[in-house]
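Secondary and tertiary structure notes
Here is how the chains run, residue by residue.
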Amino acid sequence: FFGHSQAGVFTESHERLLAGIAGQAAVAIDNARLFQRAQQSAERTNLALAAARLGDWSWDAGTDMVNMSERAAEIFGIPPGPVMTWAQLQQLLHQDDRERARLAVQRSVDERTQYEIEYRVLPPAGGQTWVSAVGQTVYSKDGLLIGMNGLVEDISDRRKLLGQLDRIPRVLDE
């Protein structure tokens, strides 16, 4: 609502202009609320990832760049962010695990399904890390591959314990 003490000051053009401004303000308020909800959701997701000690990553099919969170990069022994291509990242995998990992990813792309795999990573600084990875392909509305998103977890301690359990002699019941 708007008005003036003198009649006829505002024209229909003024009314349309103010209605347009009000409409834009409403859109801006809605966008701010949506942004706030998205930010809160991202904060909850980051809290859950940190509590579970999971790292998240994404791959952009157009640029072939892999973007890693701080935790994911820590697991792979590399800096966080988009610092290497998918092909370069695969070179960090243990030679005996590369083909199996490549096939799991390819199957996910071909079948548009999630993949889960465990493999060994050889960080540039040395050593070996067992990783559990889960990934999902992302497609555009017209079916073109956009990339992938996923999570990684360092399962080295779990693998070490399993190896120790395998060496414990088993007593068989008669």
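For the structure itself, look to the data block above.
Figured I'd write up the structure that's included with this text. (Residues numbered from 1 in each chain as written. Predicted model: local features only at pLDDT ≥ 70, side-chain atom pairs only at ≥ 80, totals over all residues. Heavy atoms only, no water.)

Considering the overall build of the protein
Filter applied, for reference: Helical segments are the DSSP runs of H or I of at least four residues, strand segments are the runs of E of at least two, and each set is numbered from the N terminus. A simple rule labels every residue: compare its accessible area, found with a 1.4 Å probe on the protein chains alone, to the largest value its type can have, and call it buried under 20%, exposed over 50%, or partly exposed in between. Only the protein chains shown count as covering a residue, and every accessible area follows the Shrake-Rupley method with a 1.4 Å probe.
Along the protein, the regular secondary structure elements total 5 helices and 6 strands. Residues counted as buried form 26% of the 174 residues belonging to the protein. Surface summary for the protein: the accessible area is close to 12,200 Å², and the carbon and sulfur share equals 54%.

Here we look at the environment of Asp154
Our working definition: Two residues qualify as a contact provided that any one of their heavy atoms is within 4.5 Å of a heavy atom in the partner residue.
With respect to the secondary-structure elements, Asp154 resides in strand S6 (residues 145-154). Asp154 sits 79 residues away from Ile75 along the chain, and the two C-alpha atoms are 6.3 Å apart. Aside from chain neighbours lying at most four places away, what touches Asp154 is Arg71, Ile75, Thr129 and Trp130.

What to know about the side chain of Ser108
What counts here: The term polar contact refers here to a pair of N or O atoms within 3.5 Å; inside protein, the definition further demands a hydrogen-donor-capable atom paired with an acceptor-capable atom, and it admits residues adjacent in sequence only when both atoms are side-chain atoms.
Considering the arrangement of structural elements, one finds Ser108 in helix H4 (residues 95-111). Here the side chain of Ser108 touches Thr113 through a polar contact of 2.4 Å, landing on its backbone oxygen. With sequence-adjacent residues up to four places away left out, Ser108 is seen in contact with Thr113, Gln114, Tyr115, Gly135, Thr137, Tyr139 and Met148.

Details of the pattern of salt bridges
How we decide: By definition, a salt bridge exists where a carboxyl oxygen of Asp or Glu is found within 4 Å of a side-chain nitrogen of Lys or Arg.
Under the criterion given, the structure shown has 8 salt bridges. The closest approach of N and O atoms between Arg102 and Glu99, which form a salt bridge, is 2.7 Å. You can see Arg102 and its partner Glu99 sitting in helix H4, 3 residues apart, about one turn around the helix. A relative accessible area of 35% means that Arg102 is categorised as partly exposed. Under the relative-accessibility criterion, Glu99 is labelled partly exposed at 43%. For Glu153, the salt bridge identified is with Arg158, shortest N-O distance 3.3 Å. Assessed through its relative accessible area of 24%, Glu153 is described here as partly exposed. Arg158 gets classed as partly exposed once you look at its relative accessible area, which sits at 41%. When salt bridges with common partners are traced through the structure, they connect Asp97, Arg100 and Arg120 into a single cluster.

Regarding the nonpolar core
We count it as follows: Only buried residues count toward a nonpolar core, which is a set of Ala, Val, Leu, Ile, Met, Phe, Trp, Tyr and Cys residues joined through side-chain atoms within 4.5 Å.
Met68, Phe76, Tyr115, Tyr119 and Val152 are the most contacted members of the largest nonpolar core, which has 25 residues in total. Mapped by element, the contributors of at least two residues to this core are strand S1 (54-60), strand S2 (65-68), helix H2 (70-76), helix H3 (86-90), H4, strand S4 (115-121), strand S5 (129-139) and S6. Among all residues touching Tyr119, those that are not within four sequence positions of it are Phe76, Leu93, Asp97, Arg100, Ala101, Thr129, Trp130, Val131, Ala133 and Val152.

Points about the pairing of S5
Note the threshold: For two strands to count as paired, DSSP must find a minimum of two bridges between them.
Sheet topology note: the S4/S5 ladder contains 7 bridges and is antiparallel. Following the sheet pairing, Arg120 is matched in S5 by Trp130. The pairing of S5 with S6 spans 9 bridges and is classified as antiparallel. Within S6, the position partnered with Ala133 by the bridge is Val152. Here S5 folds back onto S6 in antiparallel fashion, the turn holding 5 residues, of which Gly143 has a positive phi close to 90°.

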